[in-house]
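Chain by chain, the residues run as shown.
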Amino acid sequence: APNAAGPCDTQNGGHCYETKYESFRICLGNEATEIDGRQYDTLSSLLVGRGPLSTHVKIDVEGSEWSVLEALLASDEDQAKIRTLDMEIHFGFRAASEARLNHLS
């Protein structure tokens, strides 16, 4: 049952979360800013007010994952709030939010 709408059907598979969740469909980057008309925010700012091991984080940020992951690893406080981390990784793709790294190509 998507988003805690009932018990999960383990026979047919698929995505199922028995615990209610909130989805934030926003752009993550290394700073809160606007790039090409898109609002970016930091993972740290989204974790404010969350308790220890209270958050499942799913990240698919199309090229910004390295700076987001780097910032997360630098913060023991933010790491302590995350119960699970599901992250899609892209190699060789740079998002607009990663322009500061273009000199490394």
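Residues numbered from 1 in each chain as written. Predicted model: local features only at pLDDT ≥ 70, side-chain atom pairs only at ≥ 80, totals over all residues. Heavy atoms only, no water.

### Quick look at a negative patch on the surface
Working step 1: Judged by side-chain charge, D60, E62, D86 and E88 come together as a negatively charged surface patch.
Working step 2: Note on placement: D86 falls in strand β5 (residues 82-87). (Patch = residues over 30% accessible without salt bridge, like charges linked within 9 Å, V, L, I, M, F, W, Y side chains within 5 Å. Areas by Shrake-Rupley, 256 points an atom, 1.4 Å probe, with all protein chains shown as cover. Salt bridge = Lys/Arg side-chain N within 4 Å of Asp/Glu carboxyl O. Lys, Arg positive; Asp, Glu negative; His and termini not counted. Charge placed at Lys NZ, Arg CZ, Asp CG, Glu CD. Helix = DSSP H or I, 4+ residues; strand = E, 2+ residues; numbered from the N terminus.)

### Let's talk about the pairing of strand β4 (residues 55-59)
Working step 1: Side chains T55, V57 and I59 project from β4 onto a buried face, and the interleaved H56 and K58 project onto a face without burial.
Working step 2: One ladder, built from five bridges, connects β4 with β5; its direction is parallel. The partner of V57 across the bridge, within β5, is L85. (Buried < 20%, exposed > 50% of the residue type's maximum accessible area, 1.4 Å probe, protein only. Pairing = 2+ DSSP bridges.)

### A look at the pattern of salt bridges
Working step 1: For the structure on display, the rule yields one salt bridge.
Working step 2: Among the ionic pairs, E77 bridges to K81, the shortest N-O distance being 3.8 Å.
Working step 3: By relative accessible area, K81 is classed as buried at 10%.

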